[in-house]
2 protein chains.
Amino acid sequence: MKKYLITGFSGFVSFHFLNYLENLHTANSVLGVDINEPAFNINEYKYVTCSFNKINLLNKEQVDKIICDYQPDYILHLASCSSVAYSWINPVESFVNNTNIFLNLVEQIRVLGLKCRILSVGSSEEYGKVNPALLPLHEDLSANPLSPYAVARVSQEMLSKVYCNGFGSDIILTRSFNHIGPHQSEVFVISSFAKKLVAIKHGHLHNKQITVGNINIVRDFVDVRDVVKAYDLLLHRGTKGEVYNICSGVGISIKQVLEQMTAILNLKVEPVIDENLVRPADNEIIIGSYDKIHKETGWEPGIKFNDSLADVINYWVNKI
Amino acid sequence: MKKYLITGFSGFVSFHFLNYLENLHTANSVLGVDINEPAFNINEYKYVTCSFNKINLLNKEQVDKIICDYQPDYILHLASCSSVAYSWINPVESFVNNTNIFLNLVEQIRVLGLKCRILSVGSSEEYGKVNPALLPLHEDLSANPLSPYAVARVSQEMLSKVYCNGFGSDIILTRSFNHIGPHQSEVFVISSFAKKLVAIKHGHLHNKQITVGNINIVRDFVDVRDVVKAYDLLLHRGTKGEVYNICSGVGISIKQVLEQMTAILNLKVEPVIDENLVRPADNEIIIGSYDKIHKETGWEPGIKFNDSLADVINYWVNKI
């Protein structure tokens, strides 16, 4: 029975990763850690033996003890302050917290000399603004981070490579693109839209306006259920020190997303631009290539975008 | 009268920067800050009004107060844990301290909205291992840091660009190559060799062996007195958000350095390799191009390498 330590456990990626493991019908042990309690029930699994520890990953002593006691085979490092918008308001906190929690983990694995593979989850934001002629984005493009959050992610990647090459640590890296799927927090754009639109549809809101930022930006959305499959494949078949895009390979504008969602719900809404939601230095267009992970692990996205949208909407229909 | 805040004030770069300012025969104010007292006398200048404050740059409250009280026009940010070797022993401390002291400075300038230009001193180590066909190194080559120290430097550069582009901060960046010159600490290779060779020459040591690491590595050494001139030129004429190499444009192996030094002293010594001094992932060869700074400021190195070596040796002759 393999032991997984999952950081950022209370998030929706972790929830879907547990479901993925459970559906393998193989016995696995999972220890989740987070500063917040998970909203889901960790005792409902048949194959996965799951426990939870409420700790702050910035507290080095707590991290050291957890790793020393649990001796994980794998670490799925999902924890982060992952909001780009928040990183513009609190740049230092965003940078320092993201890099420190990562260093607390990898350093303890190194110091103890544990044989443990770590999946370091990065972001498509690391690419920054690129020449559209270079799309879709490949992993060998150099990073050009445009926000404090993105700088933290690139730093984490560079630190990982130094730990792999200099200390022999076993770290696999991702540049994960925008996630979509049920249970996602409403601080993210699609989940936020879905909640609002469902509320309008159900007559809970009389105002049929929806507040948006820059709706012309194009993003590559990948379903969280595809993402977690990629994470487990990489933990088993990825190459140490390598970076892998996890994406759909398809770009869609926020405007198109809104149109598809209103079509599913058969609604008419009026988007109103809030300048506060337009970021100081945003990327116009992000589309990735998943060639590398496909070649090395066989992974490819399996869930169609419109099905993901329908599932997200359905999630909010059941929730509100 | 312009006000300079100099961090890492007790180091030898700061000492030479003060001498440079004094030789301009223009009235300037300098406030030096460091965790250590400077070894030089700060009251011996005629044109430079110099004061010193012993603070720890990791202490945000102290940094905030100093900047708020002094309201500098320029910050020359020299402070760092600049040893690559140390960063392999204490990777987390090296990374966190270097990035945190930088963030404490730039964040307070941002929060107060001060009109202040910051010179962020980086390192040639940021380039990492490159294809020899790409030498000499130009600033537009992507960073490929090979040590925890180098990662911190690249992170500092990326953070600077985000602060310039996202917040309008006024930061100029350098990639400074290996320094040579009198008053340098003996933790650095040339100063360490000079001290040892002078001791052998004066008969203080009977053992004529000199302990070395990898003596085949090639570095680009630039005299500290040329470096400080470049720093002041960049503070006045550099372009916000841009990175500038500060180098000699000439590569020399550690073996050749040792040969030139023993020739100056008319000595014969036996180099003995200590595997502990060979770093886990070292660069073979580093040579820079100073085209960019030359075009924008007119700067070029003025002191010949052999003259620098003679000055370093002379410094140790007078000291020991």
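Calculation notes
- Residues numbered from 1 in each chain as written.
- Chains lettered and ligands numbered in written order.
- Predicted model: local features only at pLDDT ≥ 70, side-chain atom pairs only at ≥ 80, totals over all residues.
- Axes fitted to C-alpha atoms, helices over the stretch in contact; angles between N-to-C directions.
- Helix = DSSP H or I, 4+ residues; strand = E, 2+ residues; numbered from the N terminus.
- Parallel < 35°, antiparallel > 145°, perpendicular 65-115°, else oblique.
- Left-handed = near helix turned anticlockwise from the far one by under 90°.
- Contact = placed C-beta atoms within 7 Å.
- Nonpolar A, V, L, I, M, F, W, Y, C, P; charged D, E, K, R; others polar.
- Least-squares fit on C-alpha atoms with pLDDT ≥ 70 in both.
- Pairing = 2+ DSSP bridges.
- Expected span 1.5 Å × (residues − 1).
- Core = buried A, V, L, I, M, F, W, Y, C linked by C-beta atoms within 7 Å.
- Buried ≥ 20, exposed ≤ 12 C-beta atoms within 10 Å, placed from the backbone.
- pLDDT = per-residue confidence, 0-100.
- Right-handed = clockwise from strand over helix to strand, strands pointing away.

1. Considering the packing of helix α1 (residues 12-23) of chain B against helix α7 (residues 224-237) of chain B
For any two helices packed against each other, one specifies the crossing angle of their axes together with the interaxial distance.
Residues and elements named next belong to chain B.
Logical step 1: At their nearest, the axes of α1 and α7 sit 9 Å apart, and the two run at 65 degrees to each other. Accordingly, the angle class assigned to the pair α1 and α7 is roughly perpendicular. By crossing handedness, the relation of α1 to α7 is classed as right-handed. Within the contact between the two elements, α1 uses Phe 12, Val 13, His 16, Phe 17 and Tyr 20 and α7 uses Val 224, Arg 225, Val 227, Val 228, Lys 229, Tyr 231 and Asp 232.
Logical step 2: Of the residues contributing to the contact of α1 with α7, the split by class is eight nonpolar, one polar and three charged.

2. Focus: the relation of the copies chain B and chain A
Logical step 1: Superposing chain B onto chain A requires a rotation of 180 degrees together with a translation of 0.0 Å along the rotation axis, leaving an RMSD of 0.0 Å. On the angle and the small slide along the axis, the relation comes out as a two-fold axis. Relative to the rotation axis, the closest C-alpha in chain B is found at B:Ser155, a distance of 2.9 Å.
Logical step 2: Here 96% of the interface residues in chain B have copies in chain A that are interface residues too; the copies meet face to matching face.

3. Section: the sheet that holds strand β2 (residues 28-34) of chain B
Residues and elements named next belong to chain B.
Logical step 1: Across the sheet, seven strands lie side by side as β3-β2-β1-β4-β5-β6-β11; this open sheet has parallel pairing. Each of the sheet's edge strands pairs with one partner strand only, and the pair in question is β3 (48-54) and β11 (243-246). On average, adjacent strands in this sheet sit at an angle of 20 degrees to one another, irrespective of strand direction.
Logical step 2: In this structure, strand β1 (residues 2-7) lies alongside β2, joined through six bridges in parallel fashion. Across the sheet, the residue bridging to Ile 6 is Gly 32, located in β2.
Logical step 3: Lying over the sheet, helix α5 (residues 148-167) contacts β5 (117-123), β6 (170-176) and β11, oriented at roughly 150 degrees with respect to β5.

4. Looking at helix α8 (residues 254-265) of chain A
Logical step 1: The terminal C-alpha atoms of α8(A), which comprises 12 residues, lie 17 Å apart, in line with the 16 Å expected from a rise of 1.5 Å per residue.
Logical step 2: Immediately downstream of α8(A), the backbone of A:Asn266 shows phi near 55 degrees, a positive value.

5. Overview of the interface of chain B and chain A
Logical step 1: Across the contact, 23 residues belong to chain B and 22 residues belong to chain A.
Logical step 2: Of all elements in the fold, only α4 (91-112) and α5 of chain B reach the threshold of two or more residues within the side of chain B that touches chain A.
Logical step 3: Looking at the side of chain B that touches chain A element by element, the count peaks at nine residues for α5(B).

6. Some remarks on the sheet that holds strand β5 (residues 117-123) of chain A
Residue and element names in this part refer to chain A.
Logical step 1: Across the sheet, seven strands lie side by side as β3-β2-β1-β4-β5-β6-β11; this open sheet has parallel pairing. Edge positions in the open sheet fall to β3 (48-54) and β11 (243-246), since each of these has one partner strand only. Adjacent strand axes in the sheet meet at a mean angle of 20 degrees when their direction is disregarded.
Logical step 2: Taken together, the four bridges between strand β4 (residues 74-77) and β5 define a ladder with parallel strand orientation. Across the sheet, His 77 pairs through a bridge with Ser 120, a residue of β5.
Logical step 3: Across the face of the sheet, helix α5 (residues 148-167) comes into contact with β5, β6 (170-176) and β11 while running at roughly 150 degrees to β5.

7. With respect to the nonpolar core
Logical step 1: Core analysis: the largest hydrophobic core is formed by 167 residues, its most contacted members being A:Leu76, A:Ala194, A:Ile246, B:Leu76, B:Ala194 and B:Ile246.
Logical step 2: Not counting residues within four places of it along the chain, the set of residues in contact with B:Ala194 comprises B:Met261, B:Val312, B:Ile313 and B:Trp316.

8. Focus on the environment of B:Lys161
Logical step 1: Along the chain, B:Lys161 falls in helix α5.
Logical step 2: When the C-alpha positions of B:Lys161 and B:Leu173 are compared, they lie 9.0 Å apart, and in sequence the two are 12 residues distant.

9. Overview of helix α4 (residues 91-112) of chain A
Logical step 1: Relative to the 32 Å expected for 22 residues at 1.5 Å per residue, α4(A) spans 32 Å between its end C-alpha atoms, a close match to the ideal helical length.
Logical step 2: Note on α4(A): the residue one or two positions beyond its end, A:Gly113, has a positive phi of about 65 degrees.

10. Examining the confidence of the model for chain A
Logical step 1: Scored by pLDDT, chain A comes out at a mean of 94, with 99% of its residues at no less than 70.
Logical step 2: Interface confidence in the predicted complex, given as ipTM, is 0.90; pTM for the same model is 0.92.

11. Quick look at the pairing of β2(B)
Residues and elements named next belong to chain B.
Logical step 1: With six of seven residues buried, β2 lies mostly within the body of the structure.
Logical step 2: Between the parallel elements β1 and β2, the chain passes through α1 in a crossover that is right-handed.
Logical step 3: Relative to β3, β2 runs parallel, the two being bridged by seven bridges. Bridge assignment links Gly 32 to a residue of β3, and that residue is Phe 52.

12. What about the pairing of β6(A)?
The side chains of a regular strand alternate between the sheet's two faces.
Residues and elements named next belong to chain A.
Logical step 1: Across the seven residues that make up β6, a large majority, six, are buried.
Logical step 2: Examined bridge by bridge, β5 and β6 share seven bridges and lie parallel to one another. Each residue of the ladder has a partner; that of Ser 123, found in β6, is Ser 176.
Logical step 3: Taking the sense of rotation as the criterion, the β-α-β connection linking β5, α5 and β6 turns out right-handed.
Logical step 4: Relative to β11, β6 is paired through four bridges, and the arrangement is parallel. Counterpart to Arg 175 in the pairing with β11 is Asn 245.

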